[in-house]
Every structure is written in structure tokens, then in C-alpha cells.
Amino acid sequence: MSASRHKGTTDSMGPGDHDPGPDDGTGRDGPASDDLLAALLDGMDAALCAFDADGVVTHWNREAERILGWTAAEAVGRQGFAGWAVRTADAAGVEERLLSAMTAPGRQVHEFALLTKDGGRVLVRTQSAAVRGPDGKPAGVYCAFSEVHTQIDLERSIALSEALFEDASWGVVLVDADLRPAVVNAHAARLLGTGRTTLLGRPLGELLGHGVEELESAFAHVLAEGAPPAPAELWVSVRGDESPSADQRRCWRSGFLRLASPLAEEPVPLGVGWLFQDITEAKLAEQEAAQLRFRGNQLHRAARAAAECESPMEAATVHLDFALAGFADHALIDVLDPAAAPETPRLVRVAASPAEAPGPVVQMDKAGLPVRYAEGHPALQCAARTGSVRASAGVASATAAEEWATTRRWPRDANHALCVVLRSRGVTLGVVTFLRGASRTAFERTDAVYAESVATRVAAALDLAQAVTGG
């Protein structure tokens, strides 16, 4: 028997006050029961040993043999650990701490060094407790021990798991093989706008609007192929607004881990670990910085190209050509009619980009006919205020949006407009209008700043053109 000896204290202690079974007629108590006890002890992952009331080793399982190298035959029957499993100088202290469990309540935890059979030294953590005899008095001590580094690794793993799901400043979601949340930490629940238990088992489509297809594809890829080599940046919107604006979308930097069962011989996918962090503000700042750099480069390139133009009017249209790139779909230049009274200003179209297809801004005919803008038109408001004016269709129907554009004398696909005044040397010369289609977002304040920089250059060219022509 590997875990214990057959006679003596084995019968009096057992693992507790177990029933030894019927006498088999040989004078020994229940060999079948002893064999079962030995099998149970040997099958455990923890190293186990036991001592009787005098400190004699009575049990020693296979895990204890693996850690220290001493077999049960070599260990059982020895008086404590002195002279074989601990250094002589430490033996008295170790024995005192172990046997003190007989009179102490509950379990006692200690750390000390044991010696292996080959002379090595192993730091172990022990948990010991008293074993009671049939009369209720202490009959000995059982002791479970493990290598300290193994215990620390386990405790670290548990602590890491608890920290991730309670204190982490990023979202952690464990998704099962059906792509449904199985475990959610507190931060993820806040980002998803609901409670932790409410999320469990629900399809992702009920939690997210925009971006759910990309996320599910990422999960499916991880389950099939493993984790990607780098984090992914996904733009998503939390369910609640069926048509979220750009401001409502969030950028989540996401990392993925494939989870497999550590107990199976072959890896069995359990799901995907999804770790993500909201980086929307940083991403928008990055995009804004890149946009500013691009627009600054466009202004610089436009100035160099305009310097090569033969006429000031051509230079004005070149400035608009460079400004349209990545900014708007159409551009119009309307100048004030000098023949009109100041209280009833009229605007004359002098240049425009093609209405039906992309192309460069071209000069219009020189007939000088005013554009039939209705009263209160954004371009007239801009000229009167000498400031920028923004307008949007603000309707969901494509037909209504087209009607909104045509009544304002703009191309039919225009949904958003930005009118900027053209001024040079303190005089209002006209208005430049930038237009965007339905696929683009409305103009913002930062767009107006850029448009005003373009308008300054266009106005300078128009002023020069009027000086040359005398108009």
C-alpha cells in the first residue's frame, strides 16, 4: 500500500473516524477499506501526509512522493521529518508547528523548507489540522502541502481573474462558442449600457447596432484560426439608436484570445476572450490632427498651383479644386451684382463645379444674370451677415431632400451646405458655397474655419480679377 501502513496508527487514525469494515478473520481491520483509502489519497493532486499523536508518519501519498522523492515505504513509520525530510537544525521547529495543529482550532498554514531524497531543497506551504479519535480526543494531524511557487501561481491566476472582472479599467467579455456573452466584467457592462447579468446569453445584435457584423466575424475567426497578431480597432454603436450619428459611434480597441479546455487531451474551444478599451476621444483627436495636416497641405499646394495661373479668375477656381478634395462634393462662387441696390443684394454665378459628375471648377458665362435665390437663402444670409452659414436638408426622404436642394438652386444631390463670405480689403465681394451629398456628414465649425481660409485666397484672386478687368 503506497499511501499508508496497514497496522498500528493507520487503524486508529484513518482520515478521520472511518468505519474499518468487518473483520476478515486475519486479525486485520478491513483491508478493502484501507485499500480504498490508499487509492483515494493517491488519486489526489495535493501532497498529503499524516502523523499520529506521537509525531510518527502514518500516511504518505503519491503526490508527496513526486515532490520530495521519498516513497511511502520510506516515509511511513518515521518519527517526524527529522534527519531525512528537513535539516536537523530546522527539525524541532517544523515538528512543533505541525503538531501544534492538534490543539489549535481550524487549519494552520505554515511555510518551511523540506529536503528531497536527492538532497535538494523545496519551499512548501502546508495546511494542517487535527484528526480526532473515536473518543473525540486528538489522535494525530493530517497535513496537505504543495510547492510554494505552484500555490503562488494559482493565487496569482485567481487574483488576476478577480481583478479583471472587478477592477479592470477595460472591458472583458467571455463569449461562448455560440458567440453569446457568458461572463462580463463591470467595465464592459458600463460601456455596453446595461447590467452584467442582463447581457448574459443575449445575441450581440441585441447589444450593438453598427459594427456587430465585424465583431462577430472577428469572434468566428478567432475560434477557427486563433487570436490575431495585433489588436483591432472597431467602430461600434450601442443598441438604442437605430440610426446613430458619427458622434454616437465609439471606437473600441479590441484584443481577442481563443479559450480552450486545459483538461482535454485535444484543445476543445470554449469560446473567445474579448478585451476592449474605449479610445474614441484619442481616435477622433488623431483623425482631426491628420485632417488638419491634409488641409494645410492642400492650401499650400493650391497656393503654388495658383501662382502659375495666367489669370486671377483661373487662380480662384484652382483654390476651390484643391479645397474640394476630401471636403465637399460641389463648390459655387457667387459675386455681388454691383448694379443692385445695397438693401436688395443680388448674387451672380461666376464659377461652379459640375453638377452631375466630378470635375474641376469652371467659369460660367459672362452674361451677368443674377441667380434667382429666394428671400432668406443661406447665400444671401451669408452676404448680409458677412459670416458663414450652415444648412442641412434634415429629412430622411430622398425625394424631399432633392426638392430641398433644387428650390435653393443647388445640385439635386446636395444635402448639406456651407456658405462663406468672400471679403477683400474690408469689402464684401460675394459668397462661396460648399455642398455635400447624403453620404457625408453635415458641416461642422472646424469645417467653417477651413472654408474661411480657402475663401480668403479666393477673395484675393477675385479682387485682383476685378482690378484687372475694371469690373
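Above: the structure in question.
Residues numbered from 1 in each chain as written. Predicted model: local features only at pLDDT ≥ 70, side-chain atom pairs only at ≥ 80, totals over all residues. Heavy atoms only, no water.

(A) Here's a closer look at the side chain of T428. Along the chain, T428 falls in strand β16 (residues 427-436). For T428, a relative accessible area of 18% corresponds to the buried category. (Helix = DSSP H or I, 4+ residues; strand = E, 2+ residues; numbered from the N terminus. Buried < 20%, exposed > 50% of the residue type's maximum accessible area, 1.4 Å probe, protein only.)

(B) Looking closely at the pairing of strand β7 (residues 181-184). Across 3 bridges, strand β6 (residues 171-176) lies against β7 in antiparallel orientation. Within β7, the position partnered with L174 by the bridge is V183. In textbook terms, the turn of a hairpin is the stretch between consecutive antiparallel strands, and for β6 and β7 this stretch comprises 4 residues, one of which, L179, has a positive phi near 65°. (Pairing = 2+ DSSP bridges.)

(C) Quick peek at the packing of helix α10 (residues 280-306) against helix α11 (residues 312-324). Running from N to C, α10 and α11 cross one another at 155°; their axes reach a closest spacing of 9 Å. By the criterion of interaxial angle, the relationship of α10 to α11 is roughly antiparallel. Helix-helix and strand crossings are classified by hand; for α10 and α11 the assignment is right-handed. Where α10 abuts α11, its residues Q298, R301, A302, A303, A305 and A306 lie against A315, V318, H319 and F322. Each residue belonging to the contact of α10 with α11 can be placed in one class, and the counts come to 7 nonpolar, 2 polar and 1 charged. (Axes fitted to C-alpha atoms, helices over the stretch in contact; angles between N-to-C directions. Parallel < 35°, antiparallel > 145°, perpendicular 65-115°, else oblique. Left-handed = near helix turned anticlockwise from the far one by under 90°. Contact = heavy atoms within 4.5 Å. Nonpolar A, V, L, I, M, F, W, Y, C, P; charged D, E, K, R; others polar.)

(D) Structural context of the sheet that holds strand β11 (residues 330-336). Ordered by their spatial adjacency, 6 strands build an open sheet running β13-β12-β11-β16-β15-β14, and the pairing between neighbours is antiparallel. Of all strands in the sheet, those with a lone pairing partner are β13 (362-363) and β14 (389-392), marking the two edges. In this sheet, β16 lies alongside β11 in antiparallel orientation, the contact comprising 6 bridges. Paired with L332 across the two strands is T433, which belongs to β16.

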